[in-house]
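Listed here are the chains, written in short residue letters.
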Amino acid sequence: MKLLLLLWLAQPPGIETRSRNGAEALRARRYPEAVRLYRQALKADPSNPNWRLNLGLALSYDNQPAAALAEFQAYLKARSAPGPAYFLAGLALLKLSRHCDAIAPLQTAANWKPSAENLTELADAYQGCQRWPQAAGAYQRVYDQSPNPALMARIAHCWWMARRYDLAHAAFLKLPPALAGEPRLLYEHGDTLVRLEGPAAGLDLLSRAVAAEPSSLPSRAALGRALLDLDRPAEALPHLEAASSADPALLLPLSRALRALGRIADAERTEQTYRKQLSPMP
């Protein structure tokens, strides 16, 4: 956050002393003192909404996002024109994990000033709200301003979550080798290729994902399914056994692997467990 710029924007005219003291406290990171000074200023001059903006900023830095949000909202009731208060209100909502609520003020802030900072927070809000296509689009706008491989990884992830595997694959291909080799990204890219081109296409990436992070059950589940579809049940079996402990839906492919290996009794027992766990409650 560009503290000095925001302080300049929030300067209430004609009360330079209180404004200067509060700003100095913020610059020195004496946040409780800044909160106290701005509360005093607001009490002495309640008709000036700029004090609420400054107080909200001080509260935000003092790790009081709920109190900061109340001040930003009060400021916006008095002065609703687009400006930095919308960004600050959205940021407070993000800190409160209210991602869906943060979208509207952050969208206003991004429309007012489509900076990388505003767009990144908006993208984070979309992602936290699980609005995956919008998140990918917002991250793409940031990437277009300042290309960054980490942003491309977020774009790829969001398209993968949106099940737009064509767009996810295109984004994964733009990642540098060091980043593309991270276990989670190997898994997501491998899963993407399986869905686009079949199990053989994603097998190498899924194998590398499991080798890099053997404790990742989603990676093992995807690898187990791909191996089973390639008629390699003996190799699929340990991965499906491990992953089915967390995902009962994997019990069915696990039973297929057991049956293919001639373990009929185990396969039938697994199928019974599958039906019991996934059958609707009476």
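You'll find the structure just up there.
Residues numbered from 1 in each chain as written. Predicted model: local features only at pLDDT ≥ 70, side-chain atom pairs only at ≥ 80, totals over all residues. Heavy atoms only, no water.

Caption draft 1: Geometry of the side chain of T270. Tracing the backbone through its elements, the reader meets T270 in helix 18 (residues 264–278). The exposure class of T270 is buried, given its relative accessible area of 11%. Within the structure, the side chain of T270 is placed 2.8 Å from the backbone oxygen of D266, a separation counted as a polar contact. Excluding anything up to four places from it in sequence, T270 contacts L251, L254, S255 and L258. (Helix = DSSP H or I, 4+ residues; strand = E, 2+ residues; numbered from the N terminus. Buried < 20%, exposed > 50% of the residue type's maximum accessible area, 1.4 Å probe, protein only. Polar contact = N/O pair within 3.5 Å; in protein donor to acceptor, adjacent residues only side chain to side chain. Contact = heavy atoms within 4.5 Å.)

Caption draft 2: Fine view of unusual backbone geometry. Of note, R29 is a non-glycine position whose phi angle comes to about 65°, a positive value. One non-glycine residue, N63, lies in positive phi territory at about 60°. One can find N63 in the loop between helix 4 (50–61) and helix 5 (65–78). Looking at N63, the relative accessible area reads 62%, which means it is exposed.

Caption draft 3: Structural detail: the layout of surface pockets. In this structure, the largest pocket occupies an estimated 290 Å³ of space. Taken together, 16 residues make up the lining of the largest pocket; nearest its centre are Y187, P218, A221, A222 and R225. When residues of the lining of the largest pocket are traced back to their parent elements, those giving at least two are helix 13 (183–197) and helix 15 (217–229). It is helix 15 that provides the largest number of residues to the lining of the largest pocket, a total of seven residues. Its residues assigned to classes, the lining of the largest pocket comprises 11 nonpolar, no polar and five charged. (1 Å grid on protein atoms, 1.4 Å probe; cavity = no way out; pocket = protein on both sides within 12 Å on 5 of 7 lines; lining within 4 Å. Points joined across faces, edges and corners; volume = space filled by probe spheres on them. Nonpolar A, V, L, I, M, F, W, Y, C, P; charged D, E, K, R; others polar.)

Interpretation in functional terms is not warranted from these geometric data alone.
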